[in-house]
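Here's the letter readout for the chains.
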Amino acid sequence: MSDIIQLLPDHVANQIAAGEVVQRPASVVKELIENSIDAGATSITLLLKDAGKTLIQVIDDGKGMSATDARLSFERHATSKIKDAQDLFNLNTKGFRGEALASIAAIAHVELKTKQEDDELGTQIKIEGSEITSQEVVSTAKGTSIAVKNLFFNIPARRNFLKSDTVETRHIVDEFQRVALAHPTISFLLHHNNNEVYHLKKSNLRKRIVAIFGTKMNEKLVPINEQTDIITVNGFVAKPEFAKKKRGEQFFFVNDRFIKSSYLNHAVVNAFEGLLESGSHPSYFLYLEVPPNTIDINIHPTKTEIKFDNEKALYAILRATVKHSLGQYNVAPVLDFDRDATLDTPYDYSKKSNSSVPPITVDPTFNPFKTETNYKESSNTSSSPKSSTTHSYQSNFKKDTGSWEALYTNTETIEPIQQEQLFESEQETETGKTFQIQKKYLLSSIKSGVVLIHQSLAHQRVLYEEFLENITVKEASSQQLLFPVNISFSSSDIEMIYSIKSDLESAGFMFDEFTKESVVIAGIPTSISESQITLILEQLLDDIKLEVPDSSFSHFDVMAKSFAKSLAIKTGTSLSAKEQENLVNNLFSCKEPNISPFGKPTFKTLALNEIDAIFNK
């Protein structure tokens, strides 16, 4: 047989390998910014067009590269970060694989300009799909500028799998925030489609967090500081009352590198035990410093997973540190056995001896088991001569039906009335068509059996179709607010809201002003109240961040789903008989009553023969 195994061409191998390193535009942003940091940059600018699909450009003032290094940097496994295998156990740089630039150049048009400080002129290189098309001398500033254009131009299938611009922008902003939080001493600038999203100046850690997540974050932060032989922990956790239902603002950094660790996350959550509501997640920004030889970063190309030598010790230290800080800053209750001086008896009072015990008076005729009338009679009899007249009047008043004494003292008359009313109310309930079970389900009878309805999911379906119809078919009605509402968001959230502004206006929202940290809302859809505005917008942003919108769906569908989830009645809500009836009727008048907007069943039908089978086993 002839030989069938052959070596793949370099450009094909590079395209295959690029799939590991470059998963989306955010991957390119991460690799390029980390290269700038490794080059010693003090100022980094990121320019984007069309969520990075058209252009990703990173400009830094680092040390730059020579002409030879500039050309060699695009070769696979070419790096200045390490020299031998032992260096993997003492990493002090972001990159070390030597794969990023080669992978990016294999699937995009790349233009590189770089110059070292001592050189008069720099180097410009243009590459298309791993092929160097030109290299020439150029006049440029100190540092490096690299522009990545038309990402995945030669892999159209991969380009088609990219999400919407809003989602891809969200991923880029996430990567940008992680790098910016890890390096507060470096200034960062982010522009998207010629709009400034972030302008982060050189600052300390607290100011950097506030600059990214908004001024309201400052009041939420509790400082963390602990130093041991095996780890140093610094950073902040948010106060328990600001915990969120979604996992968002949770950041771990190990040696200034962002990582994901469910094990360490469990340690932080455990420290908040007893302080958080069920289903809430704390926010934290924690920076861990460990010896480089005690961790292994070479696990995945994204380098967000790390193995620790002594995980259990780190878990215990982290948990104890967070718990200590929460108690130290009076966030969590602590036991204090110190004497409180304010509770001491004043010196003057201790010397006084003329204090007397207050007198105690007792009424020997008081009988708590007597009726109010009898007690009044006995007290009136002993108090004044007029009481005899009153007593005779009361004794001559017959205990007939309708008399005041019969109503208030004759329990034999009251009990039958109460029992009769009780049985009447039970009888009315039994004749109703719908019953609420555990404030979660509705049970309704039909000719063939019964229907068990999940009240929250059913209401989601009703609201979803109602919102979708109002947004797409009908002209959305809006109510003007008497006083416009100013809501604070982070810069990235403001950018996202602005990108879907037209869709929100189609749904009935009216906007007055957009700033870097807030948005002023002048009108809202008639179906929501003013108190629900923040909840709805936060839920909508969370849904977009979690990639709820697919490329084949519009924002209208996402908004309708998000509005429905935010405004639907929750489990544990008690419904009146009329509300139950309306919900059942509205559900079965929907176009697709069987499932919720998120694909979950809304009801289950039990036929009579199924019910009979349960008891005839």
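The preceding data block contains the structure.
Described in the following lines is the structure provided in the data block.

Conventions and cut-offs
Residues numbered from 1 in each chain as written. Predicted model: local features only at pLDDT ≥ 70, side-chain atom pairs only at ≥ 80, totals over all residues. Heavy atoms only, no water. Helix = DSSP H or I, 4+ residues; strand = E, 2+ residues; numbered from the N terminus. Contact = heavy atoms within 4.5 Å. Salt bridge = Lys/Arg side-chain N within 4 Å of Asp/Glu carboxyl O. Buried < 20%, exposed > 50% of the residue type's maximum accessible area, 1.4 Å probe, protein only. Arc of directions from axis to C-beta. Core = buried A, V, L, I, M, F, W, Y, C linked by side-chain atoms within 4.5 Å. Polar contact = N/O pair within 3.5 Å; in protein donor to acceptor, adjacent residues only side chain to side chain. Phe/Tyr/Trp six-rings, centres within 6.5 Å; stacked < 30°, edge-to-face > 60°. Pairing = 2+ DSSP bridges. Axes fitted to C-alpha atoms, helices over the stretch in contact; angles between N-to-C directions. Parallel < 35°, antiparallel > 145°, perpendicular 65-115°, else oblique. Left-handed = near helix turned anticlockwise from the far one by under 90°. Nonpolar A, V, L, I, M, F, W, Y, C, P; charged D, E, K, R; others polar.

Thoughts on the overall build of the protein
Logical step 1: Helix and strand content of the protein: 21 helices and 22 strands.
Logical step 2: For the protein, the proportion of contacts with a sequence separation of at least 24, taken over those separated by at least 6, is 68%.

A few points about the pattern of salt bridges
Logical step 1: Scanning all chains against the criterion turns up 9 salt bridges.
Logical step 2: In this structure, the salt-bridge partner of Glu175 is Arg178, at a minimum N-O distance of 3.3 Å. Within this pair, Glu175 and its partner Arg178 are both found in helix H6 (residues 165-182), separated by 3 residues, close to a single helical turn. Summarising the burial analysis for this pair, Glu175 and Arg178 share the class buried.
Logical step 3: One network of salt bridges, in which partners are shared, links Arg170, Asp174 and Asp493.

Describing helix H20 (residues 577-587)
Logical step 1: Within H20, the full set of buried residues consists of Gln580, Leu583, Val584 and Leu587. Buried positions in H20, seen along its axis, are confined to an arc of 95 degrees and lie on one side of it.

Section: the nonpolar core
Logical step 1: Judged by nonpolar contacts, the single largest core of 57 residues is most densely connected at Ile33 and Leu46.
Logical step 2: With 7 residues, H6 is the single largest residue contributor to this core.
Logical step 3: For Leu46, the contacting residues outside a window of four places in its chain are Val29, Ile33, Ile56, Gln57, Val58, Ile172, Phe176, Leu189, Leu190 and His191.
Logical step 4: If you look at the next biggest cluster of nonpolar residues, it comprises 33 residues, including Ile494, Phe511, Ala560 and Leu567.

A few points about the side chain of Thr294
Logical step 1: If you trace the backbone, Thr294 turns up in the loop between strand S13 (284-289) and strand S14 (295-296).
Logical step 2: A distance of 2.7 Å separates a polar atom in the side chain of Thr294 from the backbone oxygen of Pro291.

Observations concerning the packing of aromatic side chains
Logical step 1: Summed over all chains, the structure comprises 17 aromatic pairs.
Logical step 2: On the basis of an interplanar angle of 55 degrees and a centroid distance of 5.5 Å, the ring pair of Phe213 and Phe285 is categorised as tilted. Here Phe213, found in helix H7 (residues 205-213), pairs with Phe285, found in strand S13; they are 72 residues apart in sequence, far enough to count as distant.
Logical step 3: With relative accessibility at 12%, the residue Phe213 sits in the buried group.
Logical step 4: Look at Phe285 and you get buried, because its relative accessible area is 0%.
Logical step 5: Residues Phe509 and Phe563 carry aromatic rings whose centres are separated by 6.0 Å and whose planes lie at 50 degrees to one another, so their mutual orientation is tilted. With Phe509 in the loop between helix H17 (501-507) and strand S20 (510-514) and Phe563 in helix H19 (residues 555-567), the pair connects residues that are 54 residues apart, well separated along the chain.
Logical step 6: The exposure class of Phe563 is buried, given its relative accessible area of 2%.
Logical step 7: Taken together, the ring pairs in this structure connect Phe213, Phe251, Phe253, Phe258, Phe285 and Tyr287 into an aromatic cluster.

With respect to helix H8 (residues 262-271)
Logical step 1: What H8 keeps buried is the set Leu264, Asn265, Ala267, Val268 and Ala271. Down the axis of H8, the buried set is contained in an arc of 155 degrees. They therefore lie on one face.
Logical step 2: Packing partners of the buried residues in H8 comprise strand S11 (250-254), strand S12 (257-259), S13, strand S15 (307-308) and helix H9 (311-328).

Here we look at the sheet that holds strand S19 (residues 478-488)
Logical step 1: Read across the sheet, 3 strands follow the order S19-S21-S20 without closing on themselves; strand pairing throughout is antiparallel. Edge positions in the sheet fall to S19 and S20, since each has one partner strand and no second. The mean inter-strand angle of the sheet, taken between neighbouring strand axes irrespective of direction, is 15 degrees.
Logical step 2: In terms of strand pairing, S19 meets strand S21 (residues 518-525) through 7 bridges, oriented antiparallel. Residue pairing for S21: Gln480 is matched across the bridge by Gly523.

Here's the deal with the pairing of strand S1 (residues 43-49)
Logical step 1: As paired elements, S1 and strand S7 (residues 187-192) share 6 bridges and run parallel to each other. Counted as the bridge partner of Leu46 is Leu190 from S7.
Logical step 2: Linking S1 back to strand S2 (residues 55-60) in an antiparallel pair, the connection comprises 5 residues, with Asp50 at a positive phi of about 55 degrees.

Focus on unusual backbone geometry
Logical step 1: Residue Asn193 is not a glycine yet carries a positive backbone phi of 50 degrees.
Logical step 2: The residue Asn194 is not glycine, and still its phi comes out positive at about 65 degrees.
Logical step 3: As for its placement among the helices and strands, Asn194 is situated in the loop between S7 and strand S8 (195-200).
Logical step 4: Under the relative-accessibility criterion, Asn194 is labelled exposed at 69%.

Looking at the environment of Glu241
Logical step 1: If you trace the backbone, Glu241 turns up in the loop between strand S10 (232-238) and S11.
Logical step 2: Exposure remark for Glu241: the relative accessible area of 57% places this residue in the exposed category.
Logical step 3: Taking the C-alpha atoms as reference points, Glu241 and Ser280, separated by 39 residues in sequence, lie 9.8 Å from one another.

As for the packing of H6 against H7
Logical step 1: The geometry of H6 relative to H7 is characterised by a closest axis approach of 9 Å and an angle of 160 degrees between their N-to-C directions. Looking at the two axes, H6 sits roughly antiparallel to H7. Here H6 runs over H7; the crossing is right-handed. For the pair formed by H6 and H7, the contact residues are Gln177, Ala180 and Leu181 on the first element and Leu205, Arg208, Ile209, Ile212 and Phe213 on the second.
Logical step 2: Considered class by class, the residues forming the contact of H6 with H7 number 6 nonpolar, 1 polar and 1 charged.

Looking at the sheet that holds strand S17 (residues 441-446)
Logical step 1: Taken together, 4 strands build an open sheet; the order of strands is S16-S17-S18-S22 and the sheet is antiparallel. Of all the strands in the sheet, just strand S16 (434-437) and strand S22 (603-607) have a single pairing partner and so form its edges. Strand after strand, the sheet turns through a mean of 20 degrees between neighbouring axes, direction not considered.
Logical step 2: Sheet topology note: the S16/S17 ladder contains 4 bridges and is antiparallel. Of the residues in S17, the one forming a bridge with Phe435 is Leu443.
Logical step 3: Contacts from helix H21 (residues 608-615) reach strand S18 (449-454) and S22 within the one sheet, and its direction differs from that of S22 by about 70 degrees.

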